[in-house]
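Now for the letters of each chain:
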Amino acid sequence: MTYQNYSLKQLQQIDAAHHLHPFTDHKELREAGSRIITHANGPFIYDSEGLELLDGMAGLWCVNIGYGRDELAEAAYAQMKELPYYNSFFKCSTPTPVLLSKKLAEIAPKNVNQVFYGSSGSEANDTALRLVRHYWVIEGKPEKNRIISRKMAYHGSTIAATSLGGMDAMHKQLNGAVPNIVHVMMPYAYGLALPGESDHDFGLRAAKSVEDAILEAGADKVAAFIGEPVMGAGGVKIPPASYWPEVQRICRKYDVLLMLDEVITGYGRTGEWFAAQTFGIEPDTITTAKALTSGYQPLSALLVGDRITSTLVEKGGEFNHGYTYSGHPVACAVALKNLEIIEQEGLVERVRNDTGPYFAKALQERIAGHDLVGEVRSIGLMGAIEIVKDKATKERFLPSGSAAVTVRDHAIANGMMLRATGDTMILSPPLIWTRDTIDMACERIGKALDLAQADLRKR
Ligand code: PMP
């Protein structure tokens, strides 16, 4: 029986009775009922009531080539018929992960040439943590095991990824994190720069917090620093240009590995294949997932730099780690086709040269001036809109986060799917967006801001 045989009400009731959702208050969900998305095409998603929404989040930062691409369905179908599954343990391999690894080595920064597969970003970060600690053990420095991360970082939801992340609410529920992970300040100038401090100076100060944490522990105790090049779930926080070069300099000075989490920024989002290239960084690991398959299949790839892999190969010894679905043949076939489409359609260049700059200009010219907006910022096709009560003082509405939810609800009612985190609206659209789609989004967001303002005034 297909879902069309059920009414919306029935689907919502079954959902409430049997389906536990991620990051959800289940009491609230049962009262409100879930929105059931039934199909999608190009940049649009549709719910069971026929509402058409322009998807400003590319699903969950992942559907970079848009919905309804037959080529990906065909790639999956062909691979499922030929070889739906075989593992890559016990000195076995299958063709698609082999070819995908070659492709990833071609597009990654030049010091990054090997790949370890999983099914999710969280798994890839677990792998990264285990690999980095294993690296220092076989280098004969097992005490070099501390990881420096940032407050408000999001690295996933497994125990290791939650521990790496810097979300207080998640840590509280974890009630016992993986030890030896510390969190320093985030490079968020709008929220944290001192009065009169330039973005440049603020970026250096935020980078200095990494050096302080290394010195506090002693460099011989610090394995690595991990960061999202642009913090995503924490509110699209784009660091000042001074930040990453300084962090890289500090990591090199103290022989601390540099781990990038590009689960969101990978595969074209910032106008290069990887944000490492946008910011000119040569990391030791790059965690990727999401847009690797444009979300059509669950797949993650931890890209590993030559420094780590040459030690693994030279010293030998088994790395006791792997997943049943590491290098899944179907997921890798879909990823290969997805990367081919991104390349053929020139989506990375389009973001860099056309839609990225147009998106930035549109947000500045059409959204930044609104009374509710404290700041807009973007890089490539990811952006943020800070919702404030007072533009000059940056005062927020109370309770915290409520104003952004009001904006979001009006946006959805007006055909625009975007996300609110805290008091920040977030955009991360498919890379197939054109100038026209950006215009449509700005019009709908502008309308949502007007309606939200009227509501907030009444309150
Ligand atoms: N890292 C980052 C930067 C992310 O944004 C996410 C997911 N939003 C993850 C890791 C975790 O990925 P997954 O949900 O696939 O486990």
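Residues numbered from 1 in each chain as written. Predicted model: local features only at pLDDT ≥ 70, side-chain atom pairs only at ≥ 80, totals over all residues.

### Describing the overall build of the protein
Part 1 of the argument: When you go through the protein residue by residue, the secondary structure sums to 17 helices and 15 strands.
Part 2 of the argument: The C-alpha radius of gyration computed for the protein amounts to 22 Å, which stays within 12% of the reference 23 Å derived for 459 residues, consistent with globular compactness.
Part 3 of the argument: With the C-alpha coordinates of the protein rotated into their principal frame, the extents come out at 65 × 60 × 45 Å.
Part 4 of the argument: Within the protein, buried positions represent 48% of all 459 residues.
Part 5 of the argument: In the protein, of all internal contacts separated by at least 6 residues, the share reaching a separation of at least 24 is 72%. (Helix = DSSP H or I, 4+ residues; strand = E, 2+ residues; numbered from the N terminus. Rg over C-alpha atoms; globule rule 2.2 N^0.38 Å. Buried ≥ 20, exposed ≤ 12 C-beta atoms within 10 Å, placed from the backbone. Contact = placed C-beta atoms within 7 Å.)

### What to know about the domain arrangement of the protein
Part 1 of the argument: Assigned domains of the protein: these are domain 1 (35-68 + 346-457) and domain 2 (71-345).
Part 2 of the argument: Taking only C-alpha atoms into account, the centre of domain 1 sits 26 Å from that of domain 2.
Part 3 of the argument: Contact residues are listed per partner, giving 27 residues for domain 1 and 23 residues for domain 2.
Part 4 of the argument: Mapped onto the side of domain 1 that touches domain 2, the elements with two or more residues apiece are α3 (58-61), α15 (347-367), β11 (373-379), β12 (382-387) and β15 (424-427).
Part 5 of the argument: Among the elements that line the side of domain 1 that touches domain 2, the one with the most residues is α15, at five residues.
Part 6 of the argument: Here the side of domain 1 that touches domain 2 is composed, by residue class, of 13 nonpolar, 10 polar and four charged. (Domains from an automatic or database assignment. Nonpolar A, V, L, I, M, F, W, Y, C, P; charged D, E, K, R; others polar.)

### Considerations on the sheet that holds strand β14 (residues 419-421)
Part 1 of the argument: Pairing is antiparallel across the open sheet formed by four strands, whose spatial order is β11-β12-β15-β14. Looking along the sheet, the strands with just one partner apiece sit at the ends: β11 and β14. Ignoring which end each strand starts from, the neighbouring axes of this sheet average 20° apart.
Part 2 of the argument: Judged from the three bridges that link them, β14 and β15 form a sheet pairing that is antiparallel. Bridging from a neighbouring strand, Thr421 pairs with Thr424 of β15. (Pairing = 2+ DSSP bridges. Axes fitted to C-alpha atoms, helices over the stretch in contact; angles between N-to-C directions.)

### Considering the pairing of strand β4 (residues 112-118)
Part 1 of the argument: Across the seven residues of β4, five count as buried, placing the element largely inside the fold.
Part 2 of the argument: Pairing of β4 with strand β10 (residues 300-305), which is carried by six bridges, proceeds in the antiparallel orientation. Following the sheet pairing, Val112 is matched in β10 by Gly305.

### Some points on the environment of Gly415
Part 1 of the argument: Mapped onto the secondary structure, Gly415 falls in the loop between α16 (402-413) and β13 (416-417).
Part 2 of the argument: Here Gly415 falls in the partly exposed class, since 17 other C-beta atoms lie within 10 Å of it.
Part 3 of the argument: Residues Gly415 and Ser101, 314 residues apart in the sequence, show an inter-C-alpha distance of 39 Å.
Part 4 of the argument: Setting aside anything within four residues of it in sequence, one finds Gly415 in contact with Glu52, Leu53, Leu54 and Arg444.

### A closer look at the sheet that holds strand β6 (residues 181-184)
Part 1 of the argument: Judged by pairing direction, the sheet is mixed, and its seven strands sit side by side in the order β4-β10-β9-β8-β7-β5-β6 without closing on themselves. Two strands in the sheet have a free side with no partner beyond their single neighbour: β4 and β6. Across the sheet, the mean angle separating the axes of adjacent strands is 20° when strand polarity is ignored.
Part 2 of the argument: Helix-sheet contacts for helix α13 (residues 306-315) involve β4 and β10, and the interaxial angle to β10 is about 80°.

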